[in-house]
Amino acid sequence: DGGITQSPKYLFRKEGQNVTLSCEQNLNHDAMYWYRQDPGQGLRLIYYSQIVNDFQKGDIAEGYSVSREKKESFPLTVTSAQKNPTAFYLCASSTGGAEYHGYTFGSGTRLTVV
Amino acid sequence: GQNIDQPTEMTATEGAIVQINCTYQTSGFNGLFWYQQHAGEAPTFLSYNVLDGLEEKGRFSSFLSRSKGYSYLLLKELQMKDSASYLCAVLNYGGSQGNLIFGKGTKLSVKP
């Protein structure tokens, strides 16, 4: 079955460490997205990529980095520069236009800084 | 600017009907989505409207008025499992921040 997989589901990080969240899709979708969700804040866009080897900053890109070397993969690195990284992170993908079906979401990674 | 408004929280009784409203002001419009999200889980697709009118899908219906920048999600015969957050999202190809713009979500609590 096609889908989008995020791993790990739970992640703990010490302050000052970088950590990478994995996102893989086998839907043959061109576009991929990373969102951060905090209580009461809704979904906030971190980075998105419409095509391999290209990506754009979203509303809250500071302290994060991404790569898109393969169509299937869009990993997100949370760097030590991100001051408040504890949050629920959602990866999504879509066909180029996202019409009719919108985005397909992964199951999320909950990151906690300890 | 881009703005999508929906109530923060709503409460309803099992078996009743509830309407969740969404108003939007965006630089472009190519359709409107409703998603359901249970706590700690991924959002799941509920409906898509691109033309004015009502789309019905089982217990869930979604309405769109493009001239008023307004949509609502109607949930009938509420069940306890409908307790979740409901996200309104506007599709905007001309936007500079990807395609889908999300509201902050409405947390619905269904009580016995």
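Residues numbered from 1 in each chain as written. Chains lettered and ligands numbered in written order. Predicted model: local features only at pLDDT ≥ 70, side-chain atom pairs only at ≥ 80, totals over all residues. Heavy atoms only, no water.

Chemist: How do you make sense of the interface of chain A and chain B when you look at a structure like this?
Modeler: It is common to report an interface's size as the accessible area lost on association of the parts. Chain A puts 27 residues into the contact, and the matching count from chain B is 20 residues. Approximately 1700 Å² of surface area, both sides summed, lies buried where chain A meets chain B, with 53% of it carried by carbon and sulfur atoms. Between chain A and chain B we count 0 salt bridges in total. Of all the secondary structure elements, the ones that give two or more residues to the side of chain A that touches chain B are strand S4 (31–38), strand S5 (42–51) and strand S9 (87–94) of chain A. No other element matches the 5 residues that S5 of chain A contributes to the side of chain A that touches chain B. (Contact = heavy atoms within 4.5 Å. Buried area = accessible area lost by both parts, 1.4 Å probe. Salt bridge = Lys/Arg side-chain N within 4 Å of Asp/Glu carboxyl O. Helix = DSSP H or I, 4+ residues; strand = E, 2+ residues; numbered from the N terminus.)

Chemist: Explain unusual backbone geometry to me, please; I cannot follow it from the model alone.
Modeler: A negative phi angle is the norm for most residues apart from glycine, just as the trans form is the norm for most peptide bonds. Following Ser7 of chain A, the chain continues to Pro8 of chain A via a peptide bond in cis, the omega torsion being -10 degrees. Tracing the chain through its elements places Pro8 of chain A in the loop between strand S1 (4–7) and strand S2 (10–13). Phi is positive for Asn53 of chain A, close to 65 degrees, though the residue is something other than glycine. Under the relative-accessibility criterion, Asn53 of chain A is labelled exposed at 62%. Of note, the phi angle at Glu77 of chain B is positive, near 45 degrees, even though the residue is not glycine. (Buried < 20%, exposed > 50% of the residue type's maximum accessible area, 1.4 Å probe, protein only.)

Chemist: I would appreciate a short explanation of the packing of aromatic side chains in the present structure.
Modeler: Ring pairs (aromatic) are described by centroid distance and by the angle formed between their planes. Scanning the model with the defined rule gives 20 aromatic pairs over all chains in all. Among the aromatic residues, ring-to-ring pairing joins Tyr33, Tyr35, Tyr48, Tyr103 and Phe105 of chain A together with Phe33, Tyr35, Phe45, Tyr48 and Phe102 of chain B into one connected group. Over the ring of Phe74 of chain A we find Arg68 of chain A, and its NZ or CZ is 6.0 Å from the ring centre. (Phe/Tyr/Trp six-rings, centres within 6.5 Å; stacked < 30°, edge-to-face > 60°. Lys NZ or Arg CZ within 6 Å of the ring centre and 35° of its normal.)

Chemist: Help me understand the sheet that holds strand S8 (residues 76–78) of chain A in this model?
Modeler: Sheet strands line up and pair through hydrogen bonds in the backbone, either parallel or antiparallel. Residue and element names in this part refer to chain A. Spatially, the 4 strands line up as an open sheet ordered S1-S3-S8-S7, and their pairing is antiparallel. With partners counted over all chains shown, the strands left at the sheet margins are S1 and strand S7 (64–66), one partner each. This sheet shows a mean twist of 20 degrees between the axes of neighbouring strands, independent of strand direction. As defined by bridge partners, S1 adjoins strand S3 (residues 19–25) across 4 bridges and the pair is classed as antiparallel. By the bridge assignment for S3, Gln6 is matched with Cys23. (Pairing = 2+ DSSP bridges. Axes fitted to C-alpha atoms, helices over the stretch in contact; angles between N-to-C directions.)

Chemist: Just checking my understanding: could you explain the state of the cysteines for this structure?
Modeler: In a disulfide, the sulfur atoms of two cysteines are covalently bonded to one another. With the rule as written, the count across this model stands at 2 disulfides over all chains. For Cys23 of chain A, the disulfide goes to Cys91 of chain A, at an S-S distance of 1.9 Å. Judged by the sign of its S-S torsion, about -75 degrees, the cystine formed by Cys23 of chain A and Cys91 of chain A is left-handed. Placement of the pair is Cys23 of chain A in strand S3 and Cys91 of chain A in strand S9, with a sequence separation of 68 residues. The disulfide bridge from Cys22 of chain B ends at Cys88 of chain B, spanning 2.0 Å between sulfur atoms. (Disulfide = S-S within 2.5 Å.)

Chemist: What is the right way to look at the nonpolar core in this model?
Modeler: The nonpolar side chains of a soluble globular protein tend to be buried, and buried together. Counting residues in each nonpolar core, the largest one holds 21 residues, and the members touching the most others are Ile4, Leu32, Trp34, Leu75, Leu78, Tyr86 and Leu108 of chain B. Breaking this core down by element, the ones donating at least two residues are strand S3 (18–25), strand S4 (32–37), strand S7 (60–65), strand S8 (70–75), strand S9 (84–91) and strand S11 (106–111) of chain B. Ranked by size, the runner-up nonpolar core spans 20 residues in total, among them Ala31, Tyr35 and Ala92 of chain A together with Ala42 of chain B. (Core = buried A, V, L, I, M, F, W, Y, C linked by side-chain atoms within 4.5 Å.)

Chemist: What's the story with the pattern of salt bridges in this structure? I'm lost.
Modeler: Where side chains of opposite charge bring their charged atoms close, a pairing between them can arise. The tally for this structure, following the rule as stated, stands at 6 salt bridges over all chains. Taken together, the shared-partner salt bridges in this structure form one network comprising Arg36, Asp38 and Arg44 of chain A.

Chemist: Just checking my understanding: could you explain the sheet that holds S3 of chain B for this structure?
Modeler: All names here are of chain B. Ordered by their spatial adjacency, 5 strands build an open sheet running S1-S3-S8-S7-S6, and the pairing between neighbours is antiparallel. The outermost strands of the open sheet, each flanked by one partner alone, are strand S1 (3–5) and strand S6 (53–57). Here the strands of the sheet are splayed against their neighbours by 15 degrees on average, with no regard to which way each runs.

Chemist: What's the story with the side chain of Asn49 of chain B in this structure? I'm lost.
Modeler: All names here are of chain B. For Asn49, the position within the fold is in strand S5 (residues 44–49). Since its relative accessible area comes to 1%, Asn49 is described here as buried. Polar contacts involving the side chain of Asn49 include one to the side chain of Ser62, which spans 2.6 Å. (Polar contact = N/O pair within 3.5 Å; in protein donor to acceptor, adjacent residues only side chain to side chain.)

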